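What the coordinates show
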Amino acid sequence: MILAPSLLSADFTNLQSAVDLIENSQADWYHLDVMDGTFVPNISFGMPIIKALKPKTTKVFDCHLMIVNPEKYIKDFATAGADILTVHVEASTHLHRTIQEIKANGMKAGVALNPHTPISSIEDIISDIDLVCLMSVNPGFGGQKFIENTYAKVVKLIELIESRNVMNRPLIEIDGGVTLDNAKRLIGCGADVLVAGNTVFGSKDPIDTINQLKSLD
Ligand code: DX5
Ligand code: ZN
């Protein structure tokens, strides 16, 4: 299991300490939540923060764009240091083209689905993507309650991947409300990547929480 702590729940006045924590932990990736106040009702941070963090880190930058017209910023995120760039199905009119452009800019391409968006919406691009991010909360904020329908959605996604005989099997990422209580079941259903914001940064001992999450694998 790949664990991707979300910096959205870190102390923004001391991102260096969040970086030190992740670098010295068993966490695999950084999950970076970019919000524009239009696609979601919140504004977080953008390219300048990602660019500033990049040289201080060694782990994969998993950038989750919760923004409208994500295609406008593909080059900027590549330059800033994104390794994986995930756009929302609901925010990209020409999703196929967007995915190709992400790859042409040297990044892995991810596609995120809001809780109400069916797996069938990615049927025709499933072979083209490196990661599917299933939102298990409505995007916009950290610390929300996990939506139980996500387990069934993971199963449906695996059925789709298998029915299409996908050669480049996309990673299945779960984002929102992941806790020590639901992580094991998510892994059991077939999730490959777990994002954890509040569970990690809201805990008394984040390193120990990371270890516990990683040991569920
Ligand atoms: C929600 C973001 C998530 C969020 C997860 O809009 O996409 O990545 O940071 O935070 P938790 O784990 O606290 O739900
Ligand atoms: Zn996210």
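Everything below is about the structure printed above this text.
Residues numbered from 1 in each chain as written. Chains lettered and ligands numbered in written order. Predicted model: local features only at pLDDT ≥ 70, side-chain atom pairs only at ≥ 80, totals over all residues. Heavy atoms only, no water.

**Side note on unusual backbone geometry**
The backbone phi angle of Asn-69 is positive, close to 50 degrees, even though this residue is not glycine. Among the secondary structure elements, Asn-69 is positioned in the loop between strand E3 (60-66) and helix H3 (74-80). Relative accessible area serves as the criterion here: at 34%, Asn-69 is assigned to the partly exposed category. Unlike most non-glycine residues, Asn-165 shows phi in positive territory, near 50 degrees. Its relative accessible area of 65% is what places Asn-165 among the exposed residues. (Helix = DSSP H or I, 4+ residues; strand = E, 2+ residues; numbered from the N terminus. Buried < 20%, exposed > 50% of the residue type's maximum accessible area, 1.4 Å probe, protein only.)

**Considering the pairing of strand E4 (residues 84-88)**
For E4, the buried fraction is high: five of the five residues fall into the buried class. Alternating residues of E4 divide into Ile-84, Thr-86 and His-88 and Leu-85 and Val-87, and every residue in both groups is buried. The pairing of E3 with E4 spans four bridges and is parallel. Opposite His-64, over in E4, you have Thr-86 as the bridge partner. Read as a crossover between parallel neighbours, the route from E3 over H3 to E4 is right-handed. (Pairing = 2+ DSSP bridges. Right-handed = clockwise from strand over helix to strand, strands pointing away.)

**Considerations on the site of ligand 1**
Around ligand 1, the surrounding shell holds 20 residues, and the nearest of these are Asp-33, Gly-140, Gly-143, Asp-175 and Gly-177. For ligand 1, an oxygen atom lies 3.3 Å from a polar atom in the side chain of His-31. With respect to ligand 1, the backbone of Asn-198 contributes an N or O atom lying 2.9 Å from an oxygen atom. Secondary structure elements with two or more residues in the shell around ligand 1: strand E2 (29-35), E3 and strand E8 (193-196). Among the elements that line the shell around ligand 1, the one with the most residues is E2, at three residues. (Near = heavy atom within 4 Å. Polar contact = N/O pair within 3.5 Å; in protein donor to acceptor, adjacent residues only side chain to side chain.)

**Points about the coordination of the zinc ion (ligand 2)**
When four donors bind a metal tetrahedrally, each ideal donor-metal-donor angle is 109.5 degrees, and when six bind octahedrally, the ideal angles are 90 or 180 degrees. Within the protein, the zinc ion (ligand 2) binds to His-31 (NE2), Asp-33 (OD), His-64 (ND1) and Asp-175 (OD); these donor distances fall in the range 2.0 to 2.3 Å. Metal-centred angles of 70 to 171 degrees between the six donor atoms at the zinc ion (ligand 2) mark the site as octahedral. Sequence spacing of the donor residues for the zinc ion (ligand 2), all on one chain, is H-x1-D-x30-H-x110-D. Of the two residues, His-31 sits in strand E2 while His-64 sits in strand E3, which places them 33 residues apart along the sequence. (Donors = N, O, S within 2.8 Å, 3.2 Å for Na, K, Ca; no water. Tetrahedral: all angles 85-135°; square planar, octahedral: opposite > 155°, others 65-115°.)

**What to know about the nonpolar core**
Residues Ile-122, Ile-174 and Leu-194 are the most contacted members of the largest nonpolar core, which totals 63 residues. Among the elements that take part in this core, helix H5 (residues 150-163) stands out by supplying six residues, more than any other. Ignoring sequence-local partners within four residues, the contact set of Ile-174 consists of Leu-134, Ser-136, Phe-146, Thr-150, Val-154, Leu-186, Ala-191, Val-193, Leu-194 and Val-195. Of all hydrophobic cores here, the second largest spans 11 residues; its members include Trp-29, Met-135, Val-137 and Val-193. (Core = buried A, V, L, I, M, F, W, Y, C linked by side-chain atoms within 4.5 Å. Contact = heavy atoms within 4.5 Å.)

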